[in-house]
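Summary of structural features
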Amino acid sequence: MEAKYDFERKYREQILRCSRCGFCQAVCPVYGATLRPGLNARGKMLLLKEVMDGRIDLSNDLIETLFQCTTCASCTHNCPSGVEVPEIIKVARKDMVDIGSCHPAFTGMNEVLQKHDNIYAEDEAGDFGRQKKAQAKYVFFSGCVGLYRETEATEAALDVLDKLEVDYTLIEEACCSGVLEDVGFPLNSALVETNIERILATGAEAVITGCPYCARTLNGKTQYAPLRARGVIVMHIAQFLKDFDLGLRTDKKVTYHDPCDLGRHCGIYEEPRETIRKLAPNFVELPHHHADALCCGAGGGVRGAYAKNSIDMARRRLKEVEESGAEVVLTECNSCVHNLSNAKLRKQKITICTTTQFIHDLMEEAE
Amino acid sequence: MEFESYNMPDELYYEPNHYWVRQEGDLLVMGMDDFARKLAGQIVFVQLPDEGKAIKLGKKFASVESGKWLGKVYAPVNGEIAGVNEELETNPGLINQDCYGAGWMYKIKPDDMGEVQNLLHGTEAVQKWLTEEIAKFAKSS
Amino acid sequence: MIDERIKQELIRIVGQQNFTDNLIDMVSYSYDASEHRARPSCAVWVETTAQVSEVMKLANREKIPVTPRGAGTGLSGLSVPAHAGIVMDLTRMNRILELRIEDRLAVVQPGLVYADLEKALAPHGFFFPPDPSSGKVCTMGGTVGTNAGGVKGAKYGTTRDYVLGLEVVLADGRIMRTGGKTIKNVSGYDLTRLFVASEGTLGVVTEIALKINPKPTVTTTAMATFNDLEDAGRAVAEVMRSGILPSVLEILGRETILAINQNTDLNLPEVEALLLAETDGYTREETEFQMGKVVDVFRRNHPGMVKLAASAQEAAQLWKARKSAYAVLARIKSHFVLEDVTVPIGRVPALLKGIQAIAKKYSIQIATFGHAGDGNLHPQILYDGYDPEQVKSMEAASDELFKLSIELEGTLTGEHGIGLSKAAYMTLEHDAVSLEMMRTIKRAFDPNNILNPGKMALDAA
């Protein structure tokens with residue numbers, strides 16, 4: 001039978017390899033928060049198998065599960081058969097978009113990025129009181145969440161870079177638009193070109209970003225190849241800061257939440273910890289850490305499309321923070337900070353922030 | 001009153017960013033009005049500041065989020081937070097269900113109760129304001 | 001499609017948000033971890049015993065099949081809704097109701113995940129000995145429904161040895177209790193034992209009182225290789241005669257070893273069989289003494305190599321081979337069938353040889369591993385499910401496998417249950433009187449045959 005959809009052409013063999021063991025139920029954050037097997041990784045594979053077998057077809061009925069996956073890859077990491085569920089889901093989403101069955105939040109997001117340069121359709125980013133330089137050694141790329149939602153974290157990051165006398169500049173950013181490919185749409189070439197142009201115009205040798213997702217996009221997507229072809233390195237601020245001797249210290253009990261986009265997707269686990277351990281010797285790990293880290297629930301577009309479940313997932317992660325006894329949870333992703341902060345109950349006395357924000361606060365205290 | 005399909009109770013006072021205020025003894029109760037609620041869509045997060053936090057007239061003291069929108073909540077008067085609707089912590093959708101009743105958001109102890117009179121009030125004033133707002137949002141959508 | 005009237009009644013019982021007939025849920029609930037598939041008409045998430053009772057009353061009155069379900073990790077099709085109807089998902093009833101260490105008692109709900117029970121017991125130095133390999137996800141209701149085993153079966157027994165009492169909702173909605181909370185209880189018929197391994201066909205378990213054990217703190221691990229299956233088998237039997245019980249005695253067959261080597265960098269010696277043993281206790285002296293006896297047995301039976309783990313890391317390395325078996329085998333062909341035929345321990349070598357012969361006869365790949373210590377082997381038949389020839393071979397091989405097991409005084413299933421997979425073979429193992437008595441009991445508990453119908457060959461006249 002000729003394959004009807006791209007997901008089958010690309011991933012038929014993997015989908016068949018799913019042996020229905022259900023082990024993914026132990027780690028899938030969406031399942032963990034909802035206890036609904038239809039939303040679990042196995043459930044998604046069973047549906048796609050039935051589509052491949054012609055038993056059902058792609059349709060609006062499948063939106064609720066195909067577009068409710070944070071793409072955290074915990075399932076893949078634990079799958080005895082090595083099924084790469086998030087990758088399969090991304091292609092299936094594209095097939096869904098092609099037949100006109102897309103979650104309205106994402107159709108909306110795609111439209112927003114046609115008219116605006118950020119996913120929130122905001123008109124003005126704060127300029128953080130910094131002059132944009134014509135030339136600099138580094139470009140600091142905030143990403144949409146940093147520019148329009150977690151502005152304090154971005155302000156803090158810039159303050160830290162200033163104090164360390166780093167030669168950087170901001171640019172007029174456009175959304176890296178990486179999220180579009182995850183939800184079934186192509187990258188927005190106009191926005192990509194804008195970013196490439198503006199970064200190259202500064203002559204910067206590297207881009208430092210606070211957003212692991214932007215880092216992945218600029219480092220990995222073919223559309224950003226012109227940037228890499230000119231030798232521009234893209235790194236996350238956690239990698240940049242690790243070699244600095246900040247000379248700061250706190251006795252607070254601190255833990256670290258591995259963002260999916262930095263951890264499982266990029267394999268970066270130790271650099272952030274190196275920095276944190278220097279600042280906070282009283283460091284504890286969460287029950288699930290490194291490659292086993294529990295997803296905060298924001299990724300893959302889920303925070304935009306299924307906000308209630310997204311926040312429930314973040315609540316589960318915060319329970320682990322409580323279990324660890326830590327008073328501070330640091331992370332390297334603005335999206336994680338945002339979702340965890342929204343999920344935090346008033347009675348939970350936990351500080352949630354980026355490592356850079358924490359460094360900034362320690363610097364202020366020291367003065 | 002019902003105006004252009006929006007329910008805007010006459011006895012309430014309205015802050016121009018679409019929050020309503022009413023007196024309750026020597027406190028004020030504050031919430032989101034029907035216009036904003038409809039525009040925002042399903043509310044997913046309401047920031048609930050600590051009791052005792054001082055608020056300054058016209059300054060942002062909290063934020064509200066729906067799936068697609070982040071709204072700033074501005075203080076309608078000078079004063080301090082006297083209480084918050086804790087139900088909203090786990091059920092922010094109460095605002096969508098009943099924005100004037102169970103979905104109330106904040107209780108404020110005003111420095112000067114008289115400042116309430118500076119807010120929009122009365123059928124005529126509210127209707128005029130709402131007409132302008134409807135036109136404003138129709139243009140940008 | 002469920003009748004609208006019934007749908008409304010179910011919604012009245014469990015609430016709108018706990019009822020579903022959405023496609024994505026229906027497809028999901030059509031499957032468990034076996035190769036069977038059948039779509040239900042609808043599903044409900046229940047949160048209390050009262051709700052379970054109301055749903056059963058309704059179903060019994062209207063003669064609608066109900067399939068209770070936990071994590072859906074069963075390997076025999078036990079939670080596949082063979083006759084459509086309602087899937088009753090119990091995973092939201094997932095609390096530990098009581099934990100009384102000095103009474104050696106844990107009272108739990110059926111939806112509690114095994115790993116969560118383990119986590120709650122660990123700080124007290126206690127554990128629940130039967131440890132199914134799916135422990136990270138499987139739920140206690142299913143553990144009771146299949147009398148789940150695991151790698152510790154040889155020394156610690158299986159789930160049925162640890163269930164002290166149950167709360168059960170019968171097919172007509174009546175609620176009853178069996179057993180109690182005492183370690184010993186011979187009051188009345190042992191209905192608890194009747195429900196354990198009844199695969200959800202006699203009642204819906206809504207509460208489980210479990211006996212828990214203090215957890216030994218020290219383990220010693222060893223591995224031995226054998227170039228002859230008979231030697232390996234004899235070693236297993238002799239270990240049982242040695243005067244001690246190892247806490248674990250696992251076997252990996254040649255095909256499994258080859259598959260592991262092809263798919264990992266473990267580089268195991270390519271031998272006929274590999275035995276992994278563990279002894280446990282509270283002092284190293286004790287566990288090493290016990291392991292000494294095991295190693296003596298190994299040495300007397302022409303091993304290729306015997307390795308005693310000198311540290312926790314070395315022990316973990318030895319375990320890696322056994323733990324990777326399932327994952328490696330799952331990736332080899334598009335489909336597989338995992339059997340769990342069990343024979344008296346002395347017959348293990350004959351079973352291993354017989355499996356090899358069957359694989360050769362039907363030109364099909366069968367990799368074996370399993371709990372040699374209690375005679376429970378897992379031959380895994382690997383085949384291309386889209387090739388009709390291979391499917392035929394798989395069916396023929398399965399058939400002979402069951403016959404072989406029965407010939408060797410064994411059973412069709414040691415721990416996975418009959419479900420759909422082995423229903424057709426019940427007559428091989430059970431005499432007509434016994435089968436008739438099973439059906440009589442079923443009729444007494446469920447006269448309308450609505451609880452998980454179509455399973456365990458209970459339906460046949």
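Residues numbered from 1 in each chain as written. Chains lettered and ligands numbered in written order. Predicted model: local features only at pLDDT ≥ 70, side-chain atom pairs only at ≥ 80, totals over all residues.

A look at the overall build of chain A
Counting its secondary structure elements, chain A contains 19 helices and 8 strands. The C-alpha atoms of chain A give a radius of gyration of 21 Å, which matches the 21 Å a tight globule of 367 residues would have. Taken along the three principal axes of its C-alpha coordinates, chain A extends 65 × 45 × 35 Å. Looking at chain A residue by residue over its 367 residues, the buried ones come to 56%. When contacts within chain A are restricted to residue pairs at least 6 apart in sequence, those whose partners lie at least 24 apart make up 78%. (Helix = DSSP H or I, 4+ residues; strand = E, 2+ residues; numbered from the N terminus. Rg over C-alpha atoms; globule rule 2.2 N^0.38 Å. Buried ≥ 20, exposed ≤ 12 C-beta atoms within 10 Å, placed from the backbone. Contact = placed C-beta atoms within 7 Å.)

Quick word on the sheet that holds strand S8 (residues 60–66) of chain B
All names here are of chain B. Reading across the sheet, the 3 strands line up as S6-S8-S9 and stay open at both edges, with antiparallel pairing between neighbours. Lying at the two open borders of the sheet, with one neighbouring strand each, are strand S6 (43–46) and strand S9 (70–74). Mean inter-strand twist for the sheet, computed between neighbouring axes without regard to direction, equals 25°. In this sheet, S8 lies alongside S6 in antiparallel orientation, the contact comprising 3 bridges. (Pairing = 2+ DSSP bridges. Axes fitted to C-alpha atoms, helices over the stretch in contact; angles between N-to-C directions.)

Topic: the interface of chain A and chain B
A common measure of how large an interface is: the accessible area buried when the components associate. Of the residues lining the interface, 10 residues belong to chain A; the matching set on chain B comes to 7 residues. Of all the elements in the fold, those that place two or more residues in the side of chain A that touches chain B are helix H7 (104–115) and helix H17 (307–324) of chain A. Residue classes in the side of chain A that touches chain B are distributed as 4 nonpolar, 3 polar and 3 charged. (Nonpolar A, V, L, I, M, F, W, Y, C, P; charged D, E, K, R; others polar.)

Some points on the packing of helix H9 (residues 254–263) of chain C against helix H11 (residues 312–330) of chain C
Residue and element names in this part refer to chain C. H11 packs onto H9 with a crossing angle of 80° between their chain directions and a minimal axis gap of 9 Å. In terms of their interaxial angle, H9 and H11 are classed as roughly perpendicular. Across the interface between the two elements, Thr256, Ala259, Ile260 and Asn263 of H9 pack against Ala321, Ser324, Ala325, Val328 and Leu329 of H11. Residues belonging to the contact of H9 with H11 are distributed by class as follows: 6 nonpolar, 3 polar and no charged. (Parallel < 35°, antiparallel > 145°, perpendicular 65-115°, else oblique.)

Description of the domain arrangement of chain C
Residues and elements named next belong to chain C. Its domain assignment divides chain C into domain 1 (4–89), domain 2 (96–214) and domain 3 (218–407). Computed from C-alpha atoms alone, the centre-to-centre distance between domain 1 and domain 2 is 22 Å. On the side of domain 2, 20 residues touch domain 1, which itself brings 14 residues to the contact. Ranked by residues supplied to the side of domain 1 that touches domain 2, first place goes to helix H3 (residues 49–62) with 7 residues. When the residues that make up the side of domain 1 that touches domain 2 are grouped by side-chain class, the tally is 6 nonpolar, 6 polar and 2 charged. (Domains from an automatic or database assignment.)

Considering the interface of chain A and chain C
Taken together, the 24 residues of chain A in the interface contact 23 residues of chain C. Those elements that provide at least two residues to the side of chain A that touches chain C are helix H1 (6–17), helix H3 (41–52) and helix H4 (63–66) of chain A. Residue contributions to the side of chain A that touches chain C peak at 4 residues, all from H3 of chain A. Its residues assigned to classes, the side of chain A that touches chain C shows 11 nonpolar, 8 polar and 5 charged.

Some words on the pairing of strand S9 (residues 175–179) of chain C
Residues and elements named next belong to chain C. Of the pairings in the sheet, the one linking strand S8 (residues 163–169) to S9 comprises 5 bridges and is antiparallel in character. The residue bridging Leu166 from the neighbouring strand is Thr178, located in S9. Hairpin remark: S8 followed by S9, antiparallel, with 5 residues in the connecting loop; positive phi at Gly173, about 95°.

Quick look at the confidence of the model for chain C
Mean pLDDT over chain C: 94, with 100% of residues reaching 70 or higher. Scored by ipTM, the complex comes to 0.92, with pTM at 0.92. (pLDDT = per-residue confidence, 0-100.)

Structural notes on the sheet that holds strand S1 (residues 138–141) of chain A
All names here are of chain A. If you walk across this open sheet you meet the 4 strands as S2-S1-S3-S4, and the pairing is parallel. Edge strands, defined here as strands with exactly one partner in the open sheet, are strand S2 (168–169) and strand S4 (233–236). Examined bridge by bridge, S1 and S2 share 2 bridges and lie parallel to one another. The residue of S2 that forms the bridge with Tyr138 is Tyr168. Seen against the sheet, helix H12 (residues 212–220) touches S1, strand S3 (206–209) and S4 and runs at an angle of roughly 160° to S4.

What to know about the pairing of S1 of chain A
Two strands pair when backbone bridges link them, and S1 of chain A and S3 of chain A are joined in this way by 4 bridges, in the parallel orientation. The residue bridging Tyr138 of chain A from the neighbouring strand is Ala206 of chain A, located in S3 of chain A.

Let's talk about the nonpolar core
Val44, Leu210 and Leu275 of chain C are the most contacted members of the largest nonpolar core, which has 282 residues in total. Here Val44 of chain C is in contact with Leu10, Val14, Asn18, Phe19, Val55, Ile86, Met88 and Asp89 of chain C, once residues within four sequence places are set aside. (Core = buried A, V, L, I, M, F, W, Y, C linked by C-beta atoms within 7 Å.)

Here we look at the arrangement of the chains
There are 2 pairs of chains in contact here, and the one with the most contacts is chains A and C. At no point do chain B and chain C touch; the closest pair of C-alpha atoms across them sits 15 Å apart.

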